[in-house]
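Chain and residue survey
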Amino acid sequence: MEIKKLLPYLSKYKLYAILCPLAIICEALLEIRIPLLMAKIVDEGIPSKDITFVLRTGGFMVVMAILGLVFGALAAKFAAIAAMGLGSELRKGLFDKIQDFSFSNTDKFSTASLVTRLTTDVNNIQNVFMMIIRTMVRAPVMMISATIMAFTINKSLVTVFLIAIPFLATVLALIAVAAYPRFVKLLKKYDAINASVQENLVAIRVVKAFVRSKYEKMKFKVANDDMMNAAIKAEKIVILNLPFMQFTMYACIVSILWFGGNMVISGTMLNGQLISFISYVTQILISLMMISFVFITALISRASLSRVIEVIDEPIDITDTNIITDTKVKDGSIVFEKVSFKYNPKAEDNILEDINIHIESGQTIGIIGGTGSSKSTLVQLIPRLYDVTSGRVLVGGVDVRNYKLDELRNSVA
């Protein structure tokens, strides 16, 4: 269901997303024929010393290889356009959504987390999308086609890799279950390190003025080390995939060489058939490895997808959809009437309590208070970046909740 929410962002590039798999299928079907032609050269052309047959068949192989190269290049181009286009539209959609957020919406995620979601998370999604429309099309087509070709060569030897597939599937499932929660935690560590960088850069003058550079460096080191440790912990699980894949691949090849070699010796199998069979088995196992790699990458991006969808689905706290009339701001007078405010509606204490202020149009005043005394929050109630918990704020004699947001915020400077 979450993936369906990304489809609107792909609308401009859906043609490329369709052309890429078609080009991949053509490339795979051409590539799958080459080992069979090689077997014919070894079993028919070379023993009979038929140079014409060898050259003709070799020419077909060269043509197929060139066509496969062309289709592969087209598939790579289409995949890049579709994936980068999806990422671009998704980032734009998220940015537009965040522009409509109230400050309470932003506080829910934190600025650092929103930065991570627009950068790292979107990059993860676009990368896995590229892999899906390329690798996850090519690998199954290659695997199924190679299996059919292997069956036509020798049915009994096919049993070797049919045993290996369930083993790999089980290992992959166990790795996925163990790795997913670790990658969720890793992305939260990205948020923390972004927060540390953001706070330090925004307040760099204060940091230098109060000689807090050493403290900020230590704070960043803690966040950086936490992210490193979380990444190591997650990757420890994922990297187990490769050795299991290689072990299975080499075990299959050794088994086929053993059993196939005995068949060649006994005369029930030809040399070229054994060579092509090994080629097809290698293609099958490489396809499985590619599928497993994409599966692991998709597992990582699943956490990113959930975080991006959270932003897309976030209901905006402050809207003007119920306001019918276009009330204009008449003057710059501001009135706070018994205003109270708290960031979290469930909190017991208010941040601002029973505030009453009347400011005439054109009057200049100063709001003085210590750090954290809610001076900025008080001002942010005027353009409805936050909404009051109780009481009301008037601008030009009208409650700010009765203005269209564009009208109100364009009139507040």
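The coordinates are above.
Our subject in this report is the structure included herewith.

What counts, and at which threshold
Residues numbered from 1 in each chain as written. Predicted model: local features only at pLDDT ≥ 70, side-chain atom pairs only at ≥ 80, totals over all residues. Heavy atoms only, no water. Helix = DSSP H or I, 4+ residues; strand = E, 2+ residues; numbered from the N terminus. Rg over C-alpha atoms; globule rule 2.2 N^0.38 Å. Buried < 20%, exposed > 50% of the residue type's maximum accessible area, 1.4 Å probe, protein only. Contact = heavy atoms within 4.5 Å. Areas by Shrake-Rupley, 256 points an atom, 1.4 Å probe, with all protein chains shown as cover. Lys, Arg positive; Asp, Glu negative; His and termini not counted. Charge placed at Lys NZ, Arg CZ, Asp CG, Glu CD. Pairing = 2+ DSSP bridges. 1 Å grid on protein atoms, 1.4 Å probe; cavity = no way out; pocket = protein on both sides within 12 Å on 5 of 7 lines; lining within 4 Å. Points joined across faces, edges and corners; volume = space filled by probe spheres on them. Nonpolar A, V, L, I, M, F, W, Y, C, P; charged D, E, K, R; others polar. Axes fitted to C-alpha atoms, helices over the stretch in contact; angles between N-to-C directions. Parallel < 35°, antiparallel > 145°, perpendicular 65-115°, else oblique. Left-handed = near helix turned anticlockwise from the far one by under 90°. Salt bridge = Lys/Arg side-chain N within 4 Å of Asp/Glu carboxyl O. Polar contact = N/O pair within 3.5 Å; in protein donor to acceptor, adjacent residues only side chain to side chain. Patch = residues over 30% accessible without salt bridge, like charges linked within 9 Å, V, L, I, M, F, W, Y side chains within 5 Å. Core = buried A, V, L, I, M, F, W, Y, C linked by side-chain atoms within 4.5 Å. Phe/Tyr/Trp six-rings, centres within 6.5 Å; stacked < 30°, edge-to-face > 60°.

Some words on the overall build of the chain
- Counting its secondary structure elements, the chain contains 11 helices and four strands.
- The C-alpha atoms of the chain give 32 Å as radius of gyration, which overshoots the globular expectation for 413 residues (22 Å, by more than 25%).
- With the C-alpha coordinates aligned to their principal axes, the bounding extent of the chain is approximately 105 × 45 × 35 Å.
- Looking at the chain as a whole, 41% of its 413 residues qualify as buried.
- The contacts in the chain between residues at least 6 apart in sequence include a share of 79% that link residues at least 24 apart.
- Accessible surface for the chain amounts to roughly 23,100 Å². Of this, 65% is attributable to carbon and sulfur atoms.
- With 43 positive and 34 negative side-chain charges, the chain shows a spacing of 7 Å between the two charge centroids.

Side note on the sheet that holds strand β1 (residues 334-341)
- Pairing is antiparallel in the open sheet, where four strands are placed in the order β2-β1-β3-β4. With partners counted over all chains shown, the strands left at the sheet margins are β2 (352-359) and β4 (398-399), one partner each.

Overview of empty space enclosed by the protein
- Per the counting criterion, the structure on display carries one cavity of 30 Å³ or more.
- Considering only enclosed or pocket space, the largest cavity measures out at about 40 Å³ in volume.
- Looking at the largest cavity, the residues that line it are Leu381, Tyr386, Asp387, Val388, Arg392, Val393, Asp399, Val400 and Arg401.
- Class assignment for the residues of the lining of the largest cavity results in five nonpolar, no polar and four charged.

Considerations on the packing of helix α5 (residues 158-202) against helix α7 (residues 213-238)
- Relative to each other, α5 and α7 sit at 165 degrees, their axes nearing to 8 Å. The angle between α5 and α7 places the two elements in the roughly antiparallel class. With respect to the hand of their crossing, α5 and α7 are arranged in left-handed fashion.
- The class makeup of the residues in the contact of α5 with α7 is 17 nonpolar, three polar and eight charged.

Digging into the pattern of salt bridges
- Summed over the entire model, instances satisfying the criterion amount to 16 salt bridges.
- Measuring nitrogen to oxygen at the nearest pair gives 2.8 Å for the salt bridge that ties Lys108 to Glu314. Placement of the pair is Lys108 in helix α3 (residues 103-109) and Glu314 in the loop between α9 (271-313) and β1, with a sequence separation of 206 residues.
- Linked through salt bridges whose partners overlap, the residues forming this network are Glu27, Glu31 and Arg138.

Topic: the side chain of Thr377
- Following the sequence through the fold, Thr377 ends up in helix α10 (residues 375-380).
- There is a polar contact of 2.4 Å between the side chain of Thr377 and the side chain of Tyr343.
- Ignoring anything within four residues of it in the chain, the contact list for Thr377 reads Phe341, Tyr343, Leu352 and Tyr386.

Things to note about a positive patch on the surface
- Taken together, the side chains of Lys185, Lys188, Lys189 and Lys233 make up a positively charged region of the molecular surface.
- Broken down by element, the residue count for the positive patch peaks at three residues, all from α5.
- A residue is classified by how much of its surface remains accessible, and Lys188, at 54% relative accessible area, is exposed.

A few points about a nonpolar patch on the surface
- The grouping of Phe167, Ile239, Leu240, Phe244 and Phe247 at the surface amounts to a nonpolar patch, some 480 Å² of accessible area in total.
- Tracing the backbone shows Phe244 in helix α8 (residues 241-266).

Some details on the nonpolar core
- Formed by 32 residues in total, the largest nonpolar core has its most connected members in Phe161, Cys252, Ile256, Met269, Phe277, Tyr280 and Val281.
- With sequence-adjacent residues up to four places away left out, Phe277 is seen in contact with Ala150, Ile153, Asn154, Leu157, Val158, Phe161, Ile256 and Met269.

Examining the pairing of strand β3 (residues 390-395)
- Relative to β3, β1 runs antiparallel, the two being bridged by five bridges. Across the sheet, the residue bridging to Ser340 is Ser390, located in β3.
- Alignment of β3 against β4, held across two bridges, turns out to be antiparallel. Paired with Leu394 across the two strands is Asp399, which belongs to β4.
- Between β3 and the antiparallel strand that follows it, β4, lie two residues; Gly396 among them carries a positive phi value of about 65 degrees.

Digging into the pairing of β1
- Judged by how many residues are buried, β1 sits mostly within the fold: six of eight residues are covered.
- Bridging between β1 and β2 involves five bridges; their strand directions are antiparallel. The partner of Phe341 across the bridge, within β2, is Leu352.

Some remarks on the packing of aromatic side chains
- In this structure the tally under the stated criterion is seven aromatic pairs.
- Relative to Phe78, the ring of Tyr16 lies with its centre 6.1 Å away and its plane at 45 degrees, an arrangement referred to as tilted. Linking Tyr16 in helix α1 (residues 14-48) with Phe78 in helix α2 (residues 51-99), this pair joins segments that are 62 residues apart in sequence.
- Taken together, a centroid distance of 5.2 Å and an interplanar angle of 85 degrees make the contact between Phe341 and Tyr343 edge-to-face.

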